[in-house]
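Structure assessment
As a plain string of letters, each chain reads:
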Amino acid sequence: MSDNNVDPQELSNFNQYAHKWWDTDGEFGALHKMNPLRLDFIQQHTGIANQTILDIGCGGGILSESLALLGGEVTGIDLAEEVLSVARLHALDTGVKVNYQAISAEEHARQHPESYDRVTCMEMLEHVPDPQAIIQAAADATKPGGMLFFSTLNRSNKSLLLAVFTAEYLLNIVPKGTHQHDKFIKPSELAQMARQAGLNLIDSAGIDFNPVFKRCALSKDLSINYLMAFQKPLLEEQTDEH
């Protein structure tokens, strides 16, 4: 079943480092550096204030909190219990309101079909056995006309060198064992999976991360980290296509 769409080793890896999630100089420092770029990309395409937002694979809540601070009504879901505990504690600390739930994307979409104006899923697809099922669940949870945002890693030689060997083993800016290169997803593959879920590609952008100077910028280079924006067609558009 798709509800088994989880790799226990992946969950263990993330739970192991849960207490370091909000350490901007620690193992998840790269996520903190990338987060403003994700927000920038989202805001280039849609508003956040007063929108219902589902953050799939929310982890310790870096993006979820940022979206809530911008006025979004945010639900963050994840299956890594210890990481979610960190997210809840941090939200209590900061006073940011986020509804965190330990539930799979597939089950949440069944319980809340077409309920969200915006859905985000960042740096998660490369950690699950069946990314297509996650994309389908994201589409199912989105209202017609709603926007979806995914980010992941391209399966390229460049990403193997920089995102795995350099980031994990040379510079130690990502926990060792975080990434398996064969699970990375090419932009064409992500676009195809989204099409199968009935979504229309709106835009894409790369994230240039300089691991030495720890600087990030949006770019047109999709060879390592990249973002994609999609829209779920309105009901009349879906009808016209059939």
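Before any of the text, the structure's been laid out above.
Quick caveat: nothing in here was measured; it's all calculated off a predicted structure.

**Quick look at the nonpolar core**
One finds Ile 56, Ile 135, Phe 150, Leu 190 and Leu 199 to be the most contacted residues of the largest nonpolar core, which totals 29 residues. Secondary structure elements with two or more residues in this core: strand E1 (52-56), helix H5 (105-111), strand E4 (116-122), helix H6 (131-141), strand E5 (142-153), helix H8 (187-196) and strand E8 (225-231). Examining the composition of this core, we find that 6 residues originate from one element, H6, more than from any other. Those residues in contact with Phe 150, other than ones at most four positions away along the chain, are Cys 121, Met 122, Leu 125, Ile 135, Ala 138, Leu 190, Leu 199, Tyr 226, Leu 227, Met 228 and Phe 230. Leu 63, Met 147, Phe 149 and Ala 205 belong to the second largest nonpolar core, which has 25 residues in total.

**A closer look at the packing of aromatic side chains**
Across all of its chains, the model carries 2 aromatic pairs by this definition. Measuring from ring centre to ring centre gives 6.2 Å for Phe 41 and Phe 149, while their planes differ by 85°; the resulting arrangement is edge-to-face. Remark: Phe 149 occurs in strand E5 and Phe 41 occurs in helix H2 (residues 29-45); sequence separation between them is 108 residues. The buried category is assigned to Phe 41, whose relative accessible area is 1%. According to the relative accessible area criterion, Phe 149 is buried, its value standing at 0%. A centroid spacing of 5.8 Å and a plane angle of 70° characterise the contact between Phe 150 and Phe 230, whose relative ring orientation is edge-to-face. On the criterion of sequence distance, the pair formed by Phe 150 in strand E5 and Phe 230 in strand E8 is long-range, its members being 80 residues apart.

**Observations concerning empty space enclosed by the protein**
Here the structure, examined in full by the defined rule, presents 1 cavity of 30 Å³ or more. Each pocket or cavity is described by its volume, and for the largest cavity that value is around 30 Å³. If you go around the largest cavity, the residues you meet are Ile 42, Thr 46, Gly 47, Ile 48, Ile 53, Leu 67, Arg 118, Thr 120 and Phe 149. Class assignment of the residues belonging to the lining of the largest cavity gives a composition of 5 nonpolar, 3 polar and 1 charged.

**Brief notes about the pattern of salt bridges**
Pairing is possible between side chains of opposite charge, provided their charged atoms come close. The tally for this structure, following the rule as stated, stands at 4 salt bridges. Salt-bridge contacts for Glu 189 lead to Arg 155; the nearest nitrogen and oxygen are separated by 2.8 Å. Highlighted residues: Glu 189 in helix H8 and Arg 155 in the loop between E5 and helix H7 (157-170), separated in sequence by 34 residues. A relative accessible area of 28% means that Glu 189 is categorised as partly exposed.

**Describing the environment of Gln 111**
When you line up the elements, Gln 111 lands in helix H5. With a relative accessible area of 45%, Gln 111 lands in the partly exposed category. With 30 residues separating them in the primary sequence, Gln 111 and Ala 141 have C-alpha atoms 8.8 Å apart.

**Some details on the packing of H6 against H8**
Put simply, H6 and H8 touch, their axes get as near as 9 Å, and they point 50° apart. Between H6 and H8, the interaxial angle falls into the category oblique. Two packed elements cross with a definite hand, and for H6 against H8 that hand is right-handed. The segment H6 lies against H8, with Pro 131, Gln 132, Ile 135 and Gln 136 engaging Leu 190, Met 193, Ala 194 and Gln 196. Each residue belonging to the contact of H6 with H8 can be placed in one class, and the counts come to 5 nonpolar, 3 polar and no charged.

**Overview of unusual backbone geometry**
Although it is not a glycine, Asn 50 adopts a positive phi angle of roughly 65°. Backbone geometry at Glu 114 places phi at a positive 45°, although glycine is not the residue there. Checked against the element boundaries, Glu 114 lands in the loop between H5 and E4.

**Focus: the packing of H2 against helix H3 (residues 62-69)**
In contact at an axis separation of 10 Å, H2 and H3 are set at 45° when each is read in the N-to-C sense. Relative to H3, the element H2 is oriented oblique. Of the two elements, H2 crosses H3, and the hand of that crossing is right-handed. From H2, Leu 31, His 32, Asn 35, Leu 39 and Ile 42 reach across to H3, where they touch Ile 62, Leu 63, Ser 66 and Leu 67.

About the cut-offs
Residues numbered from 1 in each chain as written. Predicted model: local features only at pLDDT ≥ 70, side-chain atom pairs only at ≥ 80, totals over all residues. Heavy atoms only, no water. Core = buried A, V, L, I, M, F, W, Y, C linked by side-chain atoms within 4.5 Å. Buried < 20%, exposed > 50% of the residue type's maximum accessible area, 1.4 Å probe, protein only. Helix = DSSP H or I, 4+ residues; strand = E, 2+ residues; numbered from the N terminus. Contact = heavy atoms within 4.5 Å. Phe/Tyr/Trp six-rings, centres within 6.5 Å; stacked < 30°, edge-to-face > 60°. 1 Å grid on protein atoms, 1.4 Å probe; cavity = no way out; pocket = protein on both sides within 12 Å on 5 of 7 lines; lining within 4 Å. Points joined across faces, edges and corners; volume = space filled by probe spheres on them. Nonpolar A, V, L, I, M, F, W, Y, C, P; charged D, E, K, R; others polar. Salt bridge = Lys/Arg side-chain N within 4 Å of Asp/Glu carboxyl O. Axes fitted to C-alpha atoms, helices over the stretch in contact; angles between N-to-C directions. Parallel < 35°, antiparallel > 145°, perpendicular 65-115°, else oblique. Left-handed = near helix turned anticlockwise from the far one by under 90°.

Taken by themselves, the reported measurements are silent on function.
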